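Each chain, written out:
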Amino acid sequence: MALDPKIRINLDRSRVLLVDDNPQALEALNSMFRGFGVRKQFKCGSGAEAMHVVKTQEVDLIVIDSSMPDMDGYDFVQWLRREAPDVSKFTPVIMLAGHAARSMVEKSRDSGANFVVSKPFTPEILLQRVFWVAKDERQMVVAQGYVGPDRRFKNMGPPLGIKGRRKDDLSANVGAATAPNLDQSDIDMLMKPSKVQL
Amino acid sequence: MSEAEFVKVKYRLSEQVAQPGGMTAGLASDRAQRELAAHAGDAMKSLGHMIGRLEVMCREKTAALDTVYEEGSTILDIAGVFNKRVLCDACYSLCELVDRQRTHNRADWASIGVHVNAMRMLWSKDDADPATMKSVVDGLWAITDRLNP
């Protein structure tokens, strides 16, 4: 589902941490977020640098590459969710993924990132994921083997104003009332069983 | 085993994006695309150098598979940010091939070489119609899929 180009989005005050070991990819990400209107960006070339930023600064969003030497994106998110200062522990994370090596599949699944964006991607896709993260209402699960957003599927219905694919799809948002409220006697009639003469 | 705890989190980002001002998503995407375009030339040059390094590895046939995988992964990293879809697909096939080869502990430089040659061709024909180039990528995947994961 594409992001409606008319939706307004304000990232002026957002502080975004970008982490990629490749300087060119990091510069490209920096340019994209500048285009999105983000004024404060922290650029890090390694997981260790990013850990330092998280410990010393307040950030609102982390965008990190999955594959990096020493500490990869998955290890960083595991550290963030478990060992980072409480104020930063649940900072939303978008993971950028290239090739998923067989040995990394489980690690990726259990890392605790909010969303994974697979490469290649366009600025439009990245902005859409930023928007999704901002609207992400999933609770965080803190368990022995996993700390991160609840991964269980939940039927939230189609978003408000979007027609569902099935005829019985209903939005979770009921919207404003379209008829007068029931009065108390009508409600009582619905709740109280009445004796029926047959 | 201890029970899982559920924590309701309110992101600062959620409040920030809804603040008055800002810009439309369409304008933000266009601006980002323009900013990105300024780096595209340098990125293409770097991709050319990296493919060159892979070509040397294929000629010498002495590099470790991990090194080939790392180089392929870096190409994917850069090409992916610049949305070079066809080159990314070819590179993904190379990474998958090398990953399978290292799982089986067997290097097949001929199949790696075919991938690298195709990547050089796709890189040099960056402006070609992606639909035409898709058949090249399909051919690469046919080679990769000959080896079980």
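(A) Examining the nonpolar core more closely. By size, the foremost hydrophobic cluster in this structure holds 74 residues, and its most contacted members are F33(A) and I112(B). The biggest single contributor to this core is helix α2 (residues 25–60) of chain B, with 12 residues. Sequence-distant contacts of I112(B), that is, excluding residues within four places in its chain, are made with C58(B), L65(B), V68(B), L94(B), L97(B), V98(B) and Q101(B). Counting residues in hydrophobic clusters, the runner-up holds 23 residues, among them M51(A), M71(A), A97(A) and A113(A).

(B) Quick look at unusual backbone geometry. Here the residue pair K119(A) and P120(A) is connected by a cis peptide bond, since its omega of 0° sits within 30 degrees of zero. Tracing the sequence through the fold places P120(A) in the loop between β6 (115–118) and α5 (123–134). At D70(A), a residue that is not glycine, the phi angle is positive and equals roughly 65°. Along the polypeptide, D70(A) turns up in the loop between β4 (61–65) and α3 (73–83). With phi around 55°, N83(B) is a residue other than glycine that occupies positive phi space.

(C) Up close: the side chain of K84(B). Among the secondary structure elements, K84(B) is positioned in the loop between α3 (65–81) and α4 (85–103). K84(B) gets classed as buried once you look at its relative accessible area, which sits at 18%. If we skip the residues at most four places from it in the chain, K84(B) touches P120(A), M44(B), A79(B) and D126(B).

(D) Spatial organisation of helix α1 (residues 23–35) of chain A. All names here are of chain A. For α1, which comprises 13 residues, the first-to-last C-alpha distance of 18 Å matches the rise-based estimate of 18 Å (1.5 Å per residue) to within 8%. Restricting attention to buried positions, one finds in α1 the residues A25, L26, A28, L29, N30, S31, M32, F33 and G35. Immediately beyond the C-terminal end of α1, within one or two residues, lies G37, with a positive phi of roughly 95°.

(E) Layout of the pattern of salt bridges. Residues and elements named next belong to chain B. A complete count under the given rule lists 16 salt bridges over all chains for this structure. Of the charged contacts, one joins R53 and E71 as a salt bridge, the two residues approaching to 3.2 Å between their closest N and O atoms. With R53 in helix α2 and E71 in helix α3, the pair connects residues that are 18 residues apart, well separated along the chain. Taking relative accessible area as the criterion, R53 reaches 43% and is therefore assigned partly exposed. Among the salt bridges present, the one from R120 reaches E55, with a minimum N-O distance of 2.9 Å. On the criterion of sequence distance, the pair formed by R120 in helix α5 (residues 109–124) and E55 in helix α2 is long-range, its members being 65 residues apart.

(F) Structural view of the side chain of S14(B). Tracing the sequence through the fold places S14(B) in helix α1 (residues 12–17). By relative accessible area, which is 15% here, S14(B) ends up buried. Within the local environment of S14(B), its side chain forms a polar contact with the backbone oxygen of A134(A), the two atoms lying 2.7 Å apart.

(G) Examining the interface of chain B and chain A more closely. Between chain B and chain A, the residue contacts involve 54 residues of the former and 59 residues of the latter. Carbon and sulfur atoms make up 54% of the surface buried where chain B meets chain A, a total of about 4,900 Å² over both sides. Considering only the side of chain B, the residues that lose the most area to chain A are Y11(B), L13(B) and V17(B), jointly responsible for 14% of the buried surface there. In this assembly, chain B and chain A are joined by three salt bridges.

(H) Region of the structure containing the pairing of strand β2 (residues 15–19) of chain A. Residue and element names in this part refer to chain A. Most of β2 sits inside the fold, with four of its five residues counted as buried. Sheet topology note: the β2/strand β3 (residues 40–44) ladder contains five bridges and is parallel. Bridged to R15 within β3 is K40. A crossover links β2 with its parallel partner β3, the connecting element being α1, and its sense is right-handed.

(I) Layout of the sheet that holds β4(A). All names here are of chain A. Taken together, five strands build an open sheet; the order of strands is β3-β2-β4-β5-β6 and the sheet is parallel. Bordering the open sheet on either side are β3 and β6, each of which pairs with just one other strand. Within the sheet, the average angular offset between the axes of one strand and its neighbour, ignoring direction, is 20°. Strand direction decides the pairing type here: strand β5 (residues 93–97) and β6, joined by four bridges, are parallel. Looking across to β6, one finds that L96 is bridged to V117. Together, β2, β3, β4 and β5 form the strand contacts of α1, whose direction differs from that of β3 by roughly 170°.

(J) Expanded view of the packing of aromatic side chains. In the structure shown here, the tally under the stated rule is four aromatic pairs over all chains. On the basis of an interplanar angle of 75° and a centroid distance of 5.3 Å, the ring pair of F33(A) and F36(A) is categorised as edge-to-face. Residue classification places F33(A) among the buried residues on the basis of a relative accessible area of 0%. Both rings, one in F76(A) and one in W79(A), keep their centres 5.7 Å apart while their planes meet at 40°; by these two values the pair is tilted. Here F76(A) pairs with W79(A), and both are found in helix α3, just three residues apart, close to one helical turn. Under the relative-accessibility criterion, F76(A) is labelled buried at 0%. Overall, W79(A) belongs to the buried group, its relative accessible area being 8%. For R151(A), the ring lying beneath its charged end belongs to Y146(A), and the centroid distance is 3.9 Å. The ring of W123(B) is capped by R120(B), whose NZ or CZ atom sits 5.1 Å from the centre of that ring.

Thresholds applied
Residues numbered from 1 in each chain as written. Chains lettered and ligands numbered in written order. Predicted model: local features only at pLDDT ≥ 70, side-chain atom pairs only at ≥ 80, totals over all residues. Heavy atoms only, no water. Core = buried A, V, L, I, M, F, W, Y, C linked by side-chain atoms within 4.5 Å. Buried < 20%, exposed > 50% of the residue type's maximum accessible area, 1.4 Å probe, protein only. Helix = DSSP H or I, 4+ residues; strand = E, 2+ residues; numbered from the N terminus. Contact = heavy atoms within 4.5 Å. Expected span 1.5 Å × (residues − 1). Salt bridge = Lys/Arg side-chain N within 4 Å of Asp/Glu carboxyl O. Polar contact = N/O pair within 3.5 Å; in protein donor to acceptor, adjacent residues only side chain to side chain. Buried area = accessible area lost by both parts, 1.4 Å probe. Pairing = 2+ DSSP bridges. Right-handed = clockwise from strand over helix to strand, strands pointing away. Axes fitted to C-alpha atoms, helices over the stretch in contact; angles between N-to-C directions. Phe/Tyr/Trp six-rings, centres within 6.5 Å; stacked < 30°, edge-to-face > 60°. Lys NZ or Arg CZ within 6 Å of the ring centre and 35° of its normal.

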